[in-house]
Each structure stands twice: as structure tokens, then as C-alpha cells.
Amino acid sequence: MKKIILLIILFSSFVYGANNAKDIEGFWLMPDKPKGRMKVAKIIVINNKLYAYAIDFQDDVKTTLDIHNPDKALRDKDLRGLTFIYDIEFKDGEWQTGRIYHTDQGSSYYAKITLADDKKSLSLKASLDKGGVVGASVKWTRLSEEEAKKYNDMPISSLRTVEGKPINSLLNYIIIN
């Protein structure tokens, strides 16, 4: 009987503590270092894939345009609404490797996100290789509901890819559901 109770307790704590895809959604404060233009990002999950886009910028930013975009025709687009983290799929209780666009360089890298057990911070690792051997990690901090109220969100229909295309899979999901 004691073994059964112990197993129930262990299983319950495992299930309760396990991440699900929607746990990561919300407004996130980006780190001061390395210095970038973005200050606050919003993470959403649609069809079990994570997308992040800029909500607010550092106070000393000279421009919020995508001036480093590899496509010169898109350099006059605002970074607001640009999904700079994308295609990170939630599978088997963790986030798989996806992509991140570095808006201050105009380069894309592999990205891996790990949500902390307390769900108040995450680790984002950007790397040159899919395995994450050559890269760097930063920590993001979740904003409280009260802090998040300071920022204006964007309609999903205004989100776009680095290539300037609308996020069709997001729109299809919303229209169907």
C-alpha cells in the first residue's frame, strides 16, 4: 500500500511539473547583454510551434527598421510584427531546435529554448550548428501579468516572416478554429 501511494505521489508530481506547449506563452523581458535593439518579446504557440516577435525596444534605439535584412527590399519594414524566432516545435515535453533571426546582423541561426521549471525564465541558445555545440545562450525573464499590461500586443494577422510573408499557417489555424 505504501508503495502504491508513493508511486501516485511521484507520478502526480511528474505530471504537474511537466511542461506543456502553452506554458511558454506570454511577454518576456530580453537581457541587457548582449546589447540588442529589442527589449520585450511576445511568445505565442500555434499548432505546437513557438513564434516570438518584438513588442518593445531599448530606449536608445535609433531605428526599429529591419535594416540588416538580407533582402534589401525589406529593410524599410518595422521589426514590430517580425517573427524572429520560429519553427521551434514542442515534442515529447520539450522544445526542439528551430530558428532565430538576429535582427542586428541579418543572419539566421539554429535556436533551442528551455523553459525553467518555475516557468519564470527561459534559456535561449542560438548556434551555428543544429546540435548547439557552437553558440551562445541568454536568459529571458517572464513579465508578470501586471508588467505585461504596459505593452500593446499585435494582431496575429500582422505577423510576418523574415522574408516578409504573412504567417499563413497561423492564419489558417485561427480561421479553422
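Rules and cut-offs
Residues numbered from 1 in each chain as written. Predicted model: local features only at pLDDT ≥ 70, side-chain atom pairs only at ≥ 80, totals over all residues. Heavy atoms only, no water. Helix = DSSP H or I, 4+ residues; strand = E, 2+ residues; numbered from the N terminus. Buried < 20%, exposed > 50% of the residue type's maximum accessible area, 1.4 Å probe, protein only. Contact = heavy atoms within 4.5 Å. Areas by Shrake-Rupley, 256 points an atom, 1.4 Å probe, with all protein chains shown as cover. Salt bridge = Lys/Arg side-chain N within 4 Å of Asp/Glu carboxyl O. pLDDT = per-residue confidence, 0-100. Core = buried A, V, L, I, M, F, W, Y, C linked by side-chain atoms within 4.5 Å.

(A) Fine view of the overall build of the protein. Regarding its fold elements, the protein presents three helices and nine strands. Counting all 177 residues of the protein, 37% fall into the buried class. Partitioning the intrachain contacts of the protein with sequence separation of at least 6 by distance along the chain shows that 48% fall at a separation of at least 24. In the form shown here, the protein has an accessible surface area of approximately 10,800 Å², with 56% of it arising from carbon and sulfur atoms.

(B) Geometry of the pattern of salt bridges. Per the stated rule, a full pass over the model turns up eight salt bridges. Note that Arg 80 and Asp 78 form a salt bridge whose closest N and O atoms lie 3.3 Å from each other. Of the residues examined, Arg 80 reaches a relative accessible area of 33% and is grouped as partly exposed. Given a relative accessible area of 28%, Asp 78 falls into the partly exposed group. Between Lys 112 and Glu 94 there is a salt bridge whose closest N-O contact spans 3.6 Å. Placement of the pair is Lys 112 in strand β7 (residues 107-115) and Glu 94 in strand β5 (residues 94-95), with a sequence separation of 18 residues. Judged by its relative accessible area of 42%, Glu 94 is partly exposed.

(C) Local environment of unusual backbone geometry. Positive phi values are uncommon outside glycine, yet Asn 48 reaches one of about 65°. Tracing the backbone through its elements, the reader meets Asn 48 in the loop between β2 (38-46) and β3 (49-57).

(D) Seen up close, the confidence of the model for the protein. The predicted model of the protein has a mean per-residue pLDDT of 85, with 84% of residues at 70 or higher. When mean pLDDT is taken per element in the protein, strand β1 (residues 26-29) scores highest with 98 and helix α1 (residues 2-17) scores lowest with 39. Overall, residues 3-17 carries pLDDT values under 50, and its contacts beyond four positions in sequence, including any with other chains, amount to one contact.

(E) How the structure looks around the nonpolar core. Formed by 42 residues in total, the largest nonpolar core has its most connected members in Ile 24, Phe 84, Ile 85, Leu 122 and Trp 140. When contributions to this core are tallied by element, the ones reaching two or more residues are β1, β2, β3, β4 (83-91), β6 (98-102), β7 and β8 (121-127). Among residues more than four places away in sequence, those in contact with Ile 85 are Leu 50, Tyr 51, Ala 52, Arg 99, Ile 100, Ile 113, Leu 124 and Trp 140.

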